[in-house]
Amino acid sequence: MKKIFYWLSIPYYFNPSLKFKFQVSIFMGAFVFLFLYLFRPFYISLFVGLELEYTAFIGIITFLAVLFVLTIPPLLFKDYFNEDNWTIGRNLFLIKIGLFINGSSLWYLGNLYRSYYGFGSIGYFRYLFFVYLLGTFPVILFTFFNERNVRDKRKKRAEKINTLKKYQVKEEKIVTEESIIIYSENKKENISFKIQDLVYVTSQGNYASFFLLTEYKKDLKEIILRITLTKINEILESYNNVIRCHRSYIVNTYFINSISGNARGYFLKSNKILIEIPVSRNFKKEELEKLIH
């Protein structure tokens, strides 16, 4: 059981792209249509002359149900569908809910269709049983191999970047005594620091937390200011070593030592930071090298 719970807690990715959700919905609708039309379970063979029409109808319902499951719940439960916390367990739970909604919709509308043409109905629980029976094993198998494949690819990519950076001649750190002043949204508060002391910035809603080196350059101190990360990024965009790597993080690449990867994405590591900082999946692979000094 421990191995199962461990596997369910492994990081996985939830793609928020509407284009991706649309593509998945089309694929699932087409798959169900072809499966039913070719193998004709649930007495579909009795639908003489209506096989194509009926299976196409089921395929369209599947497309709409999958698109609903992938689109509506993330809008209603944003915290649960946070990409940075997504796991295999959450992904499988979503699929189970999807199978239930899709199976229930297909059962109800399919029976209306059958009734219209004078065919007998199928029991609800019996229908759901076959939906889960046919859908569960392929989903678990796909998730298992997909997570491992994506994780291995990102780990190899991260190792390649770390090795490359290890043997590159590092640029000298440019030290400037010029102080940067950033004002809050209401202009009543501000923060002043030197760029070489800025380690990273993270967002806290409408607030941002600046993590700066202390006087002795060993520990970090946190200063909070009411300002968006987008505004901070605009102010610091002239500094090539300060990069927004994620919607919630800006990092000073001088302090980034290495990069790692799993099925959820890439993560930055630093001797100065206790946490691993995520990298947005929008980051191009060739740009990842710029995140490590």
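Going by the structure above, here's the rest.
Residues numbered from 1 in each chain as written. Predicted model: local features only at pLDDT ≥ 70, side-chain atom pairs only at ≥ 80, totals over all residues. Heavy atoms only, no water.

### A closer look at the overall build of the protein chain
Then, in step 1: Summing up its helical and strand segments, the protein chain has 6 helices and 10 strands in all.
Then, in step 2: The C-alpha radius of gyration computed for the protein chain amounts to 26 Å, which surpasses the reference 19 Å derived for 293 residues by more than 25%, pointing to a less compact arrangement than a globule.
Then, in step 3: With the C-alpha coordinates of the protein chain rotated into their principal frame, the extents come out at 85 × 45 × 35 Å.
Then, in step 4: Taking all contacts inside the protein chain whose residues are at least 6 apart in sequence as the whole, residues at least 24 apart take part in 58%.
Then, in step 5: Put simply, the protein chain shows about 18,000 Å² of open surface, and 61% of that area lies on carbon and sulfur atoms. (Helix = DSSP H or I, 4+ residues; strand = E, 2+ residues; numbered from the N terminus. Rg over C-alpha atoms; globule rule 2.2 N^0.38 Å. Contact = heavy atoms within 4.5 Å. Areas by Shrake-Rupley, 256 points an atom, 1.4 Å probe, with all protein chains shown as cover.)

### A short note on the packing of aromatic side chains
Then, in step 1: Taken as a whole and assessed by the stated rule, the structure comprises 23 aromatic pairs.
Then, in step 2: Centre to centre, the rings of Phe 14 and Trp 86 are 5.0 Å apart; their planes meet at 50°, and the pair counts as tilted. You can see Phe 14 sitting in the loop between helix H1 (2–8) and helix H2 (18–39) and its partner Trp 86 sitting in the loop between helix H3 (51–76) and helix H4 (88–116), a full 72 residues away along the chain. Across this residue pair, the class does not change: Phe 14 and Trp 86 are buried.
Then, in step 3: Their ring planes at 70° and their centres at 5.2 Å tell us that Tyr 124 and Phe 125 sit as a pair that is edge-to-face.
Then, in step 4: Look at Tyr 124 and you get partly exposed, because its relative accessible area is 23%.
Then, in step 5: Accessibility expressed as a relative area gives 67% for Phe 125, which makes it exposed.
Then, in step 6: Chaining the aromatic ring pairs together yields one cluster made of Tyr 54, Phe 57, Tyr 113, Tyr 116 and Tyr 117.
Then, in step 7: A cation sits over an aromatic face here: Arg 40 above Tyr 37, 4.8 Å from the ring centre.
Then, in step 8: The ring of Tyr 80 carries the charged tip of Arg 90 above its face, separated from the ring centre by 4.6 Å. (Phe/Tyr/Trp six-rings, centres within 6.5 Å; stacked < 30°, edge-to-face > 60°. Buried < 20%, exposed > 50% of the residue type's maximum accessible area, 1.4 Å probe, protein only. Lys NZ or Arg CZ within 6 Å of the ring centre and 35° of its normal.)

### Observations concerning the pattern of salt bridges
Then, in step 1: For the coordinates displayed, the defined rule picks out 7 salt bridges.
Then, in step 2: Of the charged contacts, one joins Arg 247 and Asp 84 as a salt bridge, the two residues approaching to 3.7 Å between their closest N and O atoms. Here Asp 84 lies in the loop between H3 and H4 and Arg 247 lies in the loop between strand S6 (242–246) and strand S7 (249–252), a separation of 163 residues in the sequence.
Then, in step 3: Asp 84 gets classed as partly exposed once you look at its relative accessible area, which sits at 27%.
Then, in step 4: For Arg 151, the salt bridge goes to Glu 147, with nearest N and O atoms at 2.7 Å. Here Glu 147 and Arg 151 lie together in helix H5 (residues 124–166), a separation of 4 residues that amounts to about one turn. (Salt bridge = Lys/Arg side-chain N within 4 Å of Asp/Glu carboxyl O.)

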